[in-house]
Amino acid sequence: MSQQLPRMLQISPRYYGPVVPKNQPTVGTLPDSRLPAGTQRPLLLTELEIPMGDKTFKLKNRASVPPMCMYSSVDGFPTPFHIAHHGQFALHGIGSALVEATAVEPQGRISPQDMGIWKDEHIAAHASLVETVKAIGPGMYFGIQLAHAGRKASTPAPWNTATSKLPYVEEKDGGWPHDVRGPMDQPYADGHAAPHALTIDQIHQIEEAFVKAAERSYAAGYDFVEVHSAHGYLLASFNSPLSNKRTDEYGGNFENRTRLLLNIVRRIRNKFPSKGLWVRINGTDAVEHTNEESWTIESTKRIAVQLEDAGVDVLDHSAGGTVRYNRFEHVPGYQLPYASAVKSLGLKRMKVSTVGVLHVGTASEPERIGSLAEKILQDNEADIISVGRGTLNDPKWLSTACTNLVGKAPVGALQYDYAILSIDRYKYPKENEGKGYVSDIIPGPSTD
Ligand SMILES: Cc1cc2nc3c(=O)[nH]c(=O)nc-3n(C[C@H](O)[C@H](O)[C@H](O)COP(=O)(O)O)c2cc1C
């Protein structure tokens, strides 16, 4: 039978059962027994109950990996690269992670190599990714970001931009510069493909495409979907008065500009009352240095209240990308003010996630990786800490952070942990005499 299966399905745990040792405690947790006496448990390593529609889900810790495009898909399908990529976060105990911006229609890809979930054929490959990743790191809350690139579609993968003569990918190279879509026909920047202004019918089709993509995502086993409404992609470009000057019911005032986002969110929530639903929003367009009317922190606070009413579980805050002349100071925590502004609204159920150079230490303890994340949680400025480039650089970031905070690592994969813990044995031969490799990790007799 396995001969006829697509290769990705053959490595799915569905065909040979669990892949972690039976007695392995949950990776990414910090049992009380590991917490040095008199040490306070870091909030980063404390469980968090988040809403999941009309249910709840207990995150095993508050570290999250945000969506990050890997430009490694073929016809939208996930590839073995994605198993290795997400598998490493699961293996090292991250509490929640998101699959990158995944297009709800082919024209909604940023590049031809983007992930997709626009057709039913994609479901099995995503299911295989979900099953494998979840089997590697039990307890990781695993989601997918549903996206439409809008007027920023059909562009080259970042490592191709240097060699590409044009800012867009031509048809001969798999692009679709003549079928790029946006709220208006104004391109993102000079030289970019000019979008077609979507008709009302096409807007309805895109709304439907998001709902169908959510249905496929849940069918594939994802715990939650995140609707991408940031970075100047389609939904963010509708939200912002910088990129949306339509005069129909999808443009003009705030209510009209946010109609598409809210319709999508409400429809997904109504159809899937017990599934996870996150939204990524732009905290601001970051053009405060101009006098233009734009999406601001006040807009974010206003939409946050409506998204909570619409049943969103987590609001994930990023910023910028609507126009090229946005301005940021890329310092640690530079996007925290948006999350923190929403957190201070005191909303009843929706949790807040923050991102943006949070993998480092605080200004006063720059070397103490993890101290900034912990401070944000202690100050109640956000509920979830997303670490992007920091986890690409160090997939064991959570373990590094925890070790810095309390002097002990959280539970790691048993296949690695028992061996790692023995590294220093030669330094303390007396203390370790007669001890098995695993005796200090799991209860019971050692088995080395
Ligand atoms: C390689 C890469 C790809 C990214 N792709 C996405 C994406 O698909 N969707 C998204 O919302 N943000 C994307 N981002 C932004 C990240 O999710 C995150 O917000 C940003 O990197 C800031 O967090 P950091 O400082 O921890 O890296 C990407 C960032 C990187 C570095």
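Here the structure is shown first, and the text comes after it.
Residues numbered from 1 in each chain as written. Predicted model: local features only at pLDDT ≥ 70, side-chain atom pairs only at ≥ 80, totals over all residues. Heavy atoms only, no water.

Chemist: Just checking my understanding: could you explain the overall build of the chain for this structure?
Modeler: Within the chain one finds 14 helices and 13 strands. In terms of overall size, the chain behaves like a compact globule, its C-alpha atoms giving a radius of gyration of 23 Å where 448 residues would be expected to give roughly 22 Å. Residue burial in the chain is summarised as follows: out of 448 residues, 57% are buried. Look at the contacts in the chain between residues 6 or more apart in sequence, and 71% of them connect residues 24 or more apart. When the accessible area of the chain is evaluated, it comes to approximately 19100 Å², of which 52% is carbon and sulfur surface. (Helix = DSSP H or I, 4+ residues; strand = E, 2+ residues; numbered from the N terminus. Rg over C-alpha atoms; globule rule 2.2 N^0.38 Å. Buried < 20%, exposed > 50% of the residue type's maximum accessible area, 1.4 Å probe, protein only. Contact = heavy atoms within 4.5 Å. Areas by Shrake-Rupley, 256 points an atom, 1.4 Å probe, with all protein chains shown as cover.)

Chemist: Hey, could you run me through a nonpolar patch on the surface in this one?
Modeler: Together, Tyr416, Ile420 and Ile423 make up a nonpolar patch on the protein surface, roughly 280 Å² of accessible area in all. Inspection of the secondary structure puts Tyr416 in helix α14 (residues 414-420). (Patch = residues over 30% accessible without salt bridge, like charges linked within 9 Å, V, L, I, M, F, W, Y side chains within 5 Å. Salt bridge = Lys/Arg side-chain N within 4 Å of Asp/Glu carboxyl O.)

Chemist: So what exactly am I meant to see when it comes to the layout of surface pockets here?
Modeler: Where empty space is left becomes clear once a probe the size of a water molecule has been rolled over the atoms. A volume near 1000 Å³ is recorded for the largest pocket. As for the largest pocket, its lining consists of 37 residues, of which Pro67, His231, Tyr233, Arg280 and Ser318 are closest to the centre. Per-element accounting of the lining of the largest pocket gives the leading share, three residues, to helix α12 (residues 389-393). A class-by-class count of the residues in the lining of the largest pocket yields 19 nonpolar, 14 polar and four charged. Its boundaries defined by the atoms lining it, the second largest pocket holds a volume of some 520 Å³. As for the second largest pocket, its lining consists of 20 residues, and the residues nearest its centre are Arg34, Ala409, Pro410, Asp417 and Leu421. Secondary structure elements with two or more residues in the lining of the second largest pocket: α13 (397-406) and α14. Element by element, the count of residues in the lining of the second largest pocket is highest for α14, at three residues. Grouping the amino acids of the lining of the second largest pocket by side-chain chemistry returns eight nonpolar, seven polar and five charged. (1 Å grid on protein atoms, 1.4 Å probe; cavity = no way out; pocket = protein on both sides within 12 Å on 5 of 7 lines; lining within 4 Å. Points joined across faces, edges and corners; volume = space filled by probe spheres on them. Nonpolar A, V, L, I, M, F, W, Y, C, P; charged D, E, K, R; others polar.)

Chemist: Even after reading the chapter, I still don't get helix α2 (residues 80-91), so can you show me in this structure?
Modeler: Residues spaced three or four apart along an α-helix face the same direction, because each turn holds 3.6 residues. An ideal rise of 1.5 Å per residue puts 16 Å on 12 residues; α2 measures up with 16 Å between its terminal C-alpha atoms. Those residues of α2 lying buried are His82, Ile83, His85, His86, Gly87, Phe89, Ala90 and Leu91. One or two residues past the end of α2 sits Gly93, with phi positive at roughly 80°. (Expected span 1.5 Å × (residues − 1).)

Chemist: Any chance you could explain the packing of helix α8 (residues 259-271) against helix α9 (residues 297-309) here in plain terms?
Modeler: Following both chains from N to C, one finds α8 and α9 inclined at 25°, their axes separated by 10 Å at the closest point. Put simply, α8 runs roughly parallel to α9. You can see that α8 and α9 cross each other, and the crossing is right-handed. For the pair α8 and α9, contact is made by Leu261, Leu262 and Val265 and by Ile303, Gln306 and Leu307, respectively. Looking at the contact of α8 with α9 residue by residue, the class counts come to five nonpolar, one polar and no charged. (Axes fitted to C-alpha atoms, helices over the stretch in contact; angles between N-to-C directions. Parallel < 35°, antiparallel > 145°, perpendicular 65-115°, else oblique. Left-handed = near helix turned anticlockwise from the far one by under 90°.)

Chemist: Is there a simple way to think about the site of the ligand in this case?
Modeler: The ligand sits among 16 residues. The nearest are Cys69, Gln145, Val357, Gly388 and Arg389. The backbone of Val357 places a nitrogen or oxygen atom 2.7 Å from an oxygen atom of the ligand. Taking 600 Å² as the accessible area of the ligand by itself, protein coverage stands at 83%. Judged by its atoms lying within 2 Å of the grid points, the ligand is housed in the largest pocket. Of the residues that constitute the shell around the ligand, the class distribution is eight nonpolar, six polar and two charged. (Near = heavy atom within 4 Å. Polar contact = N/O pair within 3.5 Å; in protein donor to acceptor, adjacent residues only side chain to side chain. Sits in = over half its atoms within 2 Å of the grid points.)

Chemist: I tried to follow the environment of Phe57 on my own but got confused; where do I start?
Modeler: Take Phe57: it is sitting in strand β2 (residues 55-59). For the pair formed by Phe57 and Gly276, sequence separation is 219 residues and the distance between their alpha carbons is 8.7 Å. With residues near it in sequence (within four places) discarded, Phe57 still touches Leu48, Glu49, Ile50, Met52, Gly139 and Tyr141.

None of this, on its own, says anything about what the molecule does.
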